[in-house]
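Spelled out, the chains give:
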Amino acid sequence: MRHWPWAIPLLVVGLYWSHTWQATWVYEDFRLVSAISEPTPISGMRSLSLASWRLTPTPQAAHALSVSLHLVVIALLGALAWRLGYSKAGVGLVALFGAIHPLTVESVAYATARSELLAALGVLLSVWCAAGRWWKPWPILGIVAGTVFGMLGKESAVVVGGLVPLTILVRSRPDAP
């Protein structure tokens, strides 16, 4: 039971978002569902764009994908807290508050808002890599990959341009954890 900080947020997220398994499409999703399911005029095929990957064929599958991405974001948030020197209880609290914070409702409930989860995933990956030995090749690759992935998810991931240097600056101080 030494990994309890990870188990509690996962259990809370599962219970907290359990109502989404029976949910249907929400208002914002209907336009995207109809746009993707209709053939395009040029090829007569369905769209194979990023939007069609982000949207799954049934509401339950879409919500399951959103909750799964949310869990990955929470795991990265906890890993970042651990890398920044938080205690096990601190990591658990950071992950718990990140898991059930009211600002995460839209990105988990709406399939059209999944881009926010993708952007958060990229930003957290970049900052997590910057919080370690960022001057080595693999973390540099992780910073670049996370930045590109986040920017492809949503343009608000541009904050990574400030967070990565700030993280490197804070971690390079002699009294940093």
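Reference entry: report on the structure contained in this document. Computed from a prediction, not measured in an experiment: that's the story for all the values here.

## Let's talk about helix α4 (residues 59-83)
Between its first and last C-alpha, α4 extends 36 Å over 25 residues, near the 36 Å set by a 1.5 Å rise per residue. Where α4 ends, the next residue or the one after it, G85, has phi of about 100°, a positive value.

## Brief notes about helix α5 (residues 88-100)
The first and last C-alpha atoms of α5 sit 19 Å apart over 13 residues, in line with the 18 Å expected at 1.5 Å per residue. Taken residue by residue, α5 has G90, V91, G92, A95, L96, G98 and A99 as its buried positions.

## Considering the packing of α4 against helix α7 (residues 114-130)
When two helices pack together, their arrangement is given by the angle between their axes and by how far apart the axes lie. Relative to each other, α4 and α7 sit at 20°, their axes nearing to 9 Å. In this view, α4 runs roughly parallel relative to α7, as classed from their interaxial angle. The handedness of the crossing between α4 and α7 comes out as left-handed. Contact residues: A62, L65, S66, L69, H70, V72, V73, L76, L77, A79, L80 and R83 in α4; R114, L117, L118, A120, L121, L124, L125, V127, W128 and C129 in α7.

## Side note on a nonpolar patch on the surface
Taken together, the side chains of M151, V158, V159, L163, L166, L169 and V170 define a hydrophobic patch exposed on the protein surface, amounting to about 590 Å² of accessible area. At 4 residues, helix α9 (residues 160-172) tops the list of elements feeding residues into the nonpolar patch.

## With respect to the environment of G132
Within the element layout of this structure, G132 appears in the loop between α7 and α8 (137-153). As a C-alpha pair, G132 and T167 span 35 residues in sequence and 9.4 Å in three-dimensional space.

## Some points on the packing of α7 against α9
α9 packs onto α7 with a crossing angle of 20° between their chain directions and a minimal axis gap of 8 Å. The orientation of α7 with respect to α9, classified from their angle, is roughly parallel. As α7 runs across α9, the sense of the crossing is right-handed. Where α7 approaches α9, its residues V123, S126, V127 and A130 are matched on the opposing element by V160, L163, V164, T167 and I168. Classifying every residue of the contact of α7 with α9 gives 7 nonpolar, 2 polar and no charged.

The rules we used
- Residues numbered from 1 in each chain as written.
- Predicted model: local features only at pLDDT ≥ 70, side-chain atom pairs only at ≥ 80, totals over all residues.
- Heavy atoms only, no water.
- Helix = DSSP H or I, 4+ residues; strand = E, 2+ residues; numbered from the N terminus.
- Expected span 1.5 Å × (residues − 1).
- Buried < 20%, exposed > 50% of the residue type's maximum accessible area, 1.4 Å probe, protein only.
- Axes fitted to C-alpha atoms, helices over the stretch in contact; angles between N-to-C directions.
- Parallel < 35°, antiparallel > 145°, perpendicular 65-115°, else oblique.
- Left-handed = near helix turned anticlockwise from the far one by under 90°.
- Contact = heavy atoms within 4.5 Å.
- Patch = residues over 30% accessible without salt bridge, like charges linked within 9 Å, V, L, I, M, F, W, Y side chains within 5 Å.
- Areas by Shrake-Rupley, 256 points an atom, 1.4 Å probe, with all protein chains shown as cover.
- Salt bridge = Lys/Arg side-chain N within 4 Å of Asp/Glu carboxyl O.
- Nonpolar A, V, L, I, M, F, W, Y, C, P; charged D, E, K, R; others polar.

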